[in-house]
Amino acid sequence: MLPAILGKKIGMTQVFEPTGQRVPVTLVQAGPCVVLQVKRADGKDRYNAVQLGFADVKPHRSTLPEIGHARKAQTAPKAFVREIRLQEPTDKAVGDTVTVGLFEDAGVKFVDVIGVTKGRGFQGGMKRWGFGGQPASHGTERKHRSPGSIGGRGQNRGTSGAVKKGKRMAGHMGNARRTAPCQALVGVDAEHNLLLIAGSVPGPVGGFVVVRKSKTRS
């Protein structure tokens, strides 16, 4: 099975290498995850995958279909459920448990972390895109953080003066699915179900993430 697991970002700490160098790391409480469903290419699903569930949720905060789906694995409904696509059929069965020991056994050194970034609400062009703004000296009145011209014909000769699709403007920022690729996996604490990751981990503290073996670096 592809080394992949669901978890929750719980904060940061630091570890020290044998040379004495300090390494800041993010702690991810990963697993144990329950296998809720197994899909196989030779079956009706026509592809290989395993569905994992993490973090129990109270039944009254779930739905009847989710409760019945989890009951097939003899477990409680889960707060975070994701499907992991596989190249080969898995040896796991419904009801099995996946722990961080999977990464330790496979000798994984780099991981991809998938999460939802922090929501920033509605933001202007300077914060959202890094625009420089208008001059702060004489002549600018109440327009210091304005993005400037957005529909000028000079930049769009041969077309209309309308604002073109994809124009970088003010709008909703954050709260988007992001993948931080190729982050260093510094350590695995199987006793406390922790992964120590040096690098970017999308989302706020307490946010759910998917951690898998890096697709670009072994």
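Look above for the structure.
Residues numbered from 1 in each chain as written. Predicted model: local features only at pLDDT ≥ 70, side-chain atom pairs only at ≥ 80, totals over all residues. Heavy atoms only, no water.

### Quick notes on the packing of aromatic side chains
As a reminder of what qualifies: Ring pairs are drawn from Phe, Tyr and Trp, using the six-membered ring of Trp, whenever the two centres fall within 6.5 Å, and their geometry is named by plane angle: stacked under 30 degrees, edge-to-face over 60, tilted for the rest. A run of H or I in DSSP becomes a helix once it reaches four residues, and a run of E becomes a strand once it reaches two; helices and strands are each numbered from the N terminus. Note on exposure labels: buried denotes an accessible area under 20% of the residue type's maximum, exposed denotes more than 50%, and partly exposed covers the range between, all computed with a 1.4 Å probe on protein chains only.
Counted according to the given criterion, the structure contains two aromatic pairs. The interplanar angle of 85° and the centroid separation of 6.0 Å between the aromatic rings of Phe 54 and Phe 208 together place this pair among those described as edge-to-face. Taken together, the positions of Phe 54 in strand β4 (residues 48-56) and Phe 208 in strand β12 (residues 208-213) put the pair 154 residues apart, joining distant regions of the chain. Look at Phe 54 and you get buried, because its relative accessible area is 5%. On the basis of relative accessible area, Phe 208 is assigned to the partly exposed category, the value being 29%. Residues Phe 80 and Phe 208 carry aromatic rings whose centres are separated by 4.9 Å and whose planes lie at 10° to one another, so their mutual orientation is stacked. With a gap of 128 residues between them, Phe 80 in strand β5 (residues 78-86) and Phe 208 in strand β12 connect regions that are remote in the sequence. For Phe 80, a relative accessible area of 8% corresponds to the buried category. By the ring-pair criterion, three or more aromatic residues cluster together here, those being Phe 54, Phe 80 and Phe 208.

### Quick look at the sheet that holds β4
The condition is simple: DSSP-based pairing: two strands are paired if at least 2 bridges between them are found.
Taken in spatial order, the four strands line up as β5-β4-β3-β6 in an open sheet, and their pairing is antiparallel. With partners counted over all chains shown, the strands left at the sheet margins are β5 and β6 (97-98), one partner each. Pairing of strand β3 (residues 33-39) with β4 involves five bridges; the strand directions are antiparallel. Bridging across to β4, Val 34 finds its partner in Gly 53.

### With respect to the side chain of Thr 26
To be explicit about the condition: When checking whether two residues touch, look at their non-hydrogen atoms; a contact exists if any pair is within 4.5 Å.
In this structure, Thr 26 sits in strand β2 (residues 22-30). Excluding residues that lie within four positions of it along the chain, Thr 26 makes contacts with Lys 9, Gly 11, Met 12, Leu 195, Leu 196, Ile 197, Gly 199 and Val 201.

### Describing the layout of surface pockets
Here the idea is plain: a probe the size of a water molecule rolls over the atoms and shows the empty space left. Condition: Note on definitions: the grid is 1 Å and covers protein atoms alone; a cavity is a set of points where a 1.4 Å probe fits but cannot get out; a pocket is an open set with protein on both sides within 12 Å along at least five of seven lines; lining residues have an atom within 4 Å of a point. Grid points are joined across faces, edges and corners, and a volume is the space filled by probe spheres set on the points. Classification used: nonpolar for Ala, Val, Leu, Ile, Met, Phe, Trp, Tyr, Cys and Pro, charged for Asp, Glu, Lys and Arg, polar for all others including Gly.
Roughly 500 Å³ of internal volume is contained in the largest pocket. Lining the largest pocket are 24 residues, and of these Ile 84, Ile 114, Arg 177, Val 210 and Arg 212 sit closest to its centre. For the lining of the largest pocket, the secondary-structure elements that each account for two or more residues are β5, β7 (110-116) and β12. Ranked by residue count, the leading element in the lining of the largest pocket is β5, at six residues. By residue class, the composition of the lining of the largest pocket is 11 nonpolar, five polar and eight charged.

### Focus: the sheet that holds β7
To keep it simple, the criterion reads: Working convention: axes come from line fits to C-alpha atoms, limited for helices to the stretch in contact. Angles between N-to-C directions cover 0 to 180 degrees.
The sheet built from six strands closes into a barrel, its strands ordered β1-β2-β11-β10-β7-β12 with antiparallel pairing. Pairwise comparison of adjacent strand axes, ignoring direction, gives a mean angle of 50° for this sheet.

### Let's talk about the pattern of salt bridges
Stated formally: We count a salt bridge whenever a side-chain nitrogen from Lys or Arg sits within 4 Å of a carboxyl oxygen from Asp or Glu.
Across all of its chains, the model carries four salt bridges by this definition. Notably, a salt bridge pairs Arg 212 with Asp 112, separated by 3.5 Å at the nearest N-O pair. Of the two residues, Arg 212 is situated in strand β12 and Asp 112 in strand β7; the sequence distance between them amounts to 100 residues. Asp 112 carries the same exposure label as Arg 212, and that label is buried. When the shortest N-O distance is used, the salt bridge between Arg 142 and Glu 141 registers 2.8 Å.

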